[in-house]
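Residue strings, one per chain:
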Amino acid sequence: MTAPTTVLSVPSNTTSLLVLQDGRTVVERGDTTRASYVASVRKSLLSILFGIQVAAGTVSLDDTLGALGIDDTGGLLPLEKTARLRHLLTSRSGVYHPPSSPGSDEDAFPPRGTKTPGQHFVYNNWDFNAAGAIFEKAGGLTVFEAFEKYLAGPLGLSDYAPRRQRMLGDPGKSAFPAYHFFLSARDLAKIGLLMAAGGQWEGRQLMSREWIRESTEPHVRRAGMAPATGFGTCDYGYLWWLPRESGPQWEGAFLAAGNYGQFLLVLPAIRSVIVHRRFVSDSFAIARNTRTAASVASPAPVTHAEFMDLARALVAGPLAP
């Protein structure tokens, strides 16, 4: 239950908000049990799953696209095939093949073959979607099967519906569709708590503490990103945004962010998780990702800047020591 003394200005388009500290509910607004489209939060979920796969030795971050047998519609260039998995996880593959799903900064894409892998950051769904295909090929499970086995089951996610998760994209543009999740705020909060606790859950080590550290380190600084891409002043890890905020409460913080207002902020220094949702209908999510969204009304978003203002207020207020 929300603490009665909490006075908080929440963006008008917010659908639900859940704030936990030490596993205790500090703020709860809206229906936190309603599962809906998480947009690009999906990428950070894949990062968690890759940690399990890397620890098992089924894939190496230094594997190249060529060695992994990754190609796409019309063929990848020889230079593009030298990109390593770690370049995809940091959106620096140098592969500017059209992605199957929207959401990339495609206007900032350089011409193909002009950037050496690892040299240039631009937010690129081709990288993220191809990483999903590599995950499935290396581990023998779909992204959704692995999520259910390693996260939804062990964490006891209450609102997860396996049949609702979808691969979406335009196969005419790329062979690699996007792995889209539909999750509730309270289930995302459990995932955040797992990360904040260094991979431990009810006395079990579900994932590598070392992977959490490595995946949430700044592998790309904001200054090294294309000017037209990126979130505010955030750096980038392995599929996680890293807010650069002052104060000890923000030390080691990391953020999963999705279009329209989907956010999972983990604050390990104060053992806290902030989940923000802006409801997006399944019909719109499907239409958008199959490029037929013109016939469906687009939801008014909560922006990254609005969310960060809210997060700062929470850290300074209800989450303050």
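Right above here is the structure, for reference.
This text gives an overview of the structure that appears in the document. These numbers were taken from a predicted model, which means no experiment stands behind them.

So, about the pairing of strand β12 (residues 262-267). Successive side chains on a regular strand alternate, one facing one side of the sheet and the next facing the other. Most of β12 sits out of view: six of its six residues are buried. Judged by which residues are buried, β12 turns out to be covered on both faces: Q262, L264 and V266 on one side and F263, L265 and L267 on the other are all buried. The pairing of strand β11 (residues 254-258) with β12 spans five bridges and is classified as antiparallel. Across the sheet, residue F254 finds its bridge partner in β12, namely V266. Taken together, β11 and the strand that follows it, β12, pair antiparallel across an intervening segment of three residues, in which Y260 is found at a positive phi of about 80°. Where β12 lies against strand β13 (residues 272-277), five bridges are found, and the strand directions are antiparallel. When the bridges of β13 are listed, L265 appears paired with I274. Two successive antiparallel strands, β12 and β13, enclose a turn made up of four residues, where R271 displays a positive phi of approximately 50°.

Before going further, it helps to spend a moment on helix α1 (residues 41-56). End to end, α1 covers 24 Å across 16 residues, agreeing with the expected 22 Å (1.5 Å per residue, within 8%). The buried count for α1 comes to 13 of 16 residues, which makes it a mostly enclosed element. Two residues or fewer after α1 comes G57, characterised by a positive phi angle close to 80°.

Moving on, we get to the environment of Q21. Relative to the helices and strands, Q21 resides in strand β1 (residues 16-21). Relative accessible area serves as the criterion here: at 11%, Q21 is assigned to the buried category. With 251 residues separating them along the chain, Q21 and S272 place their C-alpha atoms 4.3 Å apart. Aside from chain neighbours lying at most four places away, what touches Q21 is V26, I270, R271, S272 and L319. Within the structure, Q21 has its side chain in polar contact with the side chain of S272 (distance 3.3 Å).

In terms of nonpolar packing, the biggest core is built from 90 residues, with F147, F181 and I274 touching the most fellow members. Once residues within four sequence positions are removed from consideration, F147 is found in contact with L45, L49, A152, L157, Y160, F181, L183 and I191. In terms of nonpolar packing, the next biggest core, distinct from the first, is built from seven residues, A39, F182, Y260 and F284 among them.

For the structure on display, the rule yields 12 salt bridges. One salt bridge connects D62 with R86, and the closest N-O pair in it is separated by 3.0 Å. In this pair, D62 sits in the loop between α1 and α2 (65-68) while R86 sits in helix α3 (residues 85-89), placing the two residues 24 residues apart along the sequence. According to the relative accessible area criterion, R86 is partly exposed, its value standing at 25%. Residues R186 and D159 are paired through a salt bridge, measuring 2.7 Å at the closest nitrogen-oxygen approach. Taken as a pair, R186 in helix α6 (residues 185-196) and D159 in the loop between α5 (143-155) and β4 (166-168) lie far apart in primary sequence, 27 residues in all.

Quick notes on the rules
- Residues numbered from 1 in each chain as written.
- Predicted model: local features only at pLDDT ≥ 70, side-chain atom pairs only at ≥ 80, totals over all residues.
- Heavy atoms only, no water.
- Buried < 20%, exposed > 50% of the residue type's maximum accessible area, 1.4 Å probe, protein only.
- Helix = DSSP H or I, 4+ residues; strand = E, 2+ residues; numbered from the N terminus.
- Pairing = 2+ DSSP bridges.
- Expected span 1.5 Å × (residues − 1).
- Contact = heavy atoms within 4.5 Å.
- Polar contact = N/O pair within 3.5 Å; in protein donor to acceptor, adjacent residues only side chain to side chain.
- Core = buried A, V, L, I, M, F, W, Y, C linked by side-chain atoms within 4.5 Å.
- Salt bridge = Lys/Arg side-chain N within 4 Å of Asp/Glu carboxyl O.

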